[in-house]
Structure formats: structure tokens, C-alpha cells
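Here is what each chain is made of, one letter per residue.
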Amino acid sequence: MKITHISDTHNQHHSLLNMPEADVLIHSGDLTFAGSEDEFDSFLEWFVEQPYKYKIFIAGNHDDCLFESLISGLPQNTFYLNNSSINIEGVNFYGLPMFMHDAMSGEYDKQIQAIPAGTNVLISHQPPHLILDKAGNINYGNRNLFQAVLAIKPQYHLFGHIHDAYGITQNEDTVFSNAALLNEKYELTNHPIVIDVTL
């Protein structure tokens, strides 16, 4: 299975041309800029039209309109993961959104603890601490998420959020991908990351 991973497009999805071929397209949050329903509707119209066999997206901290929203009427091959999972051709995907309301209330930490064992591809918006999470001299990744990833050992962890930390790395258990496509000035400078999934 091949994945095209994108993140942090902030309304610039229509500028993504010549997207790489893959089986699954994954967007790991910050689909919008201001978090409005109109922005989300524009993204979703574009997303469902993309020529991939399967499509998955989660919410980022900019996507306020998705907080406590029920997303219905999606095509059968398109999935919104909100602290939930989907098995596609034997691969377990789990999506952990990042809503600022949950982060401030402490609910986000509980959601991290609920990531299930057996997750093959973890999709979050925020990176884990010390992994593709640095902007300036500050590491913005989440320490609890880092500990959860060490415990669960997903084969792949896909995220974004920190625009300056675009790239891919790995440890002995997990391949990590930060596919933030915009730089810190919100300019489209990076390319989708393509990952070959082998379990």
C-alpha cells in the first residue's frame, strides 16, 4: 500500500497540482485557516474529487468548525477520523485530532491515552516531543504523545502542525512524517510525502 501524506494546507488545496499517485491520500489537519464551515466545504469538495482509492482526513487546531461536528454523507472511500479508527486492506489507521478546546480542558491527554494498541498508521495533527517538532529553538511536540508512540509502536506516525519541521525520519519501530506543506509564512513550499507501507 502506498500513501500520499499532506498536512497544513490552510485553504491552499487548489494549488496542489500533479499530486503523486498512491492508494491512500491522508491529510493530517489544518485543512482551513479560520476554521469556518465555508472553508471546510471548499476543502471537502476538493478532497473527495482526488483520484485515490481511499482518502482519510483529521482535524487540526485551525479546524474549529469540526469540533463536535457530525460529518455525514461522505463517499464510501472517504473517512473522517475523530479519535477513531478504520481498517483498510488489513492496515489499521487511527486518527487523533487537535482541538484547542480539548487541549485546554485536559481532554486531549485522555484522547492520547485512548490510542489503541495494534494501530499500524497513527495520524495526529501535533507531532510527538522531539520528533520533527522544532521551530526556532523550541520543540513543540507533545510529551504524552511521544510516550504513547513509544508504547504502541505504530509502524507509521503521520502529522504536521509545525511548518518549519517538514520531513521524514524514523526510529527502530516507527517511520515519522511531518507533511506540513506551508512554511511559517504560510507559503506553499513543500511537497506531499509518499510512503510505502509494509507491515
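Residues numbered from 1 in each chain as written. Predicted model: local features only at pLDDT ≥ 70, side-chain atom pairs only at ≥ 80, totals over all residues. Heavy atoms only, no water.

(A) Quick peek at helix α1 (residues 37-49). Taking 1.5 Å per residue as the helical rise, α1 with its 13 residues ought to reach 18 Å, and the 18 Å between its terminal C-alpha atoms agrees with that figure. What α1 keeps buried is the set E39, F40, F43, L44, W46 and F47. The arc that holds the buried residues of α1, viewed along the axis, is 165°, so those residues lie on one side. Residues of α1 that are exposed and point more than 90 degrees away from the buried face comprise E37, D38, E45 and E49. Lining the buried residues of α1 we find β1 (2-6), β2 (24-27), β3 (54-57) and β4 (78-80). (Helix = DSSP H or I, 4+ residues; strand = E, 2+ residues; numbered from the N terminus. Expected span 1.5 Å × (residues − 1). Buried < 20%, exposed > 50% of the residue type's maximum accessible area, 1.4 Å probe, protein only. Arc of directions from axis to C-beta. Contact = heavy atoms within 4.5 Å.)

(B) Highlighting the side chain of K55. Here K55 is to be found in strand β3. One buried charged residue, K55, forms no salt bridge at all, with the nearest opposite charge on E49 at 9.1 Å. Among the polar contacts made by the side chain of K55, one reaches the main-chain carbonyl oxygen of V48 at a distance of 2.8 Å. If we ignore the near neighbours within four places in the chain, the residues touching K55 are L25, F47, V48, Q50, N77, T78 and F79. (Lys, Arg positive; Asp, Glu negative; His and termini not counted. Salt bridge = Lys/Arg side-chain N within 4 Å of Asp/Glu carboxyl O. Polar contact = N/O pair within 3.5 Å; in protein donor to acceptor, adjacent residues only side chain to side chain.)

(C) Molecular detail of helix α4 (residues 143-152). Of all the positions in α4, only L145, A148, V149 and I152 are classed as buried. The buried residues of α4 occupy one face: seen down the axis, they fall within an arc of 100°. Away from its buried face by more than 90 degrees, α4 exposes R143 and A151. Turning to α4, the residues buried within the fold contact β6 (91-96), α3 (107-113), β7 (121-124), β10 (156-159) and β12 (175-178). Among the residues of α4, the N-terminal cap falls to N142, whose side-chain oxygen and the backbone nitrogen of N144 are separated by 2.8 Å.

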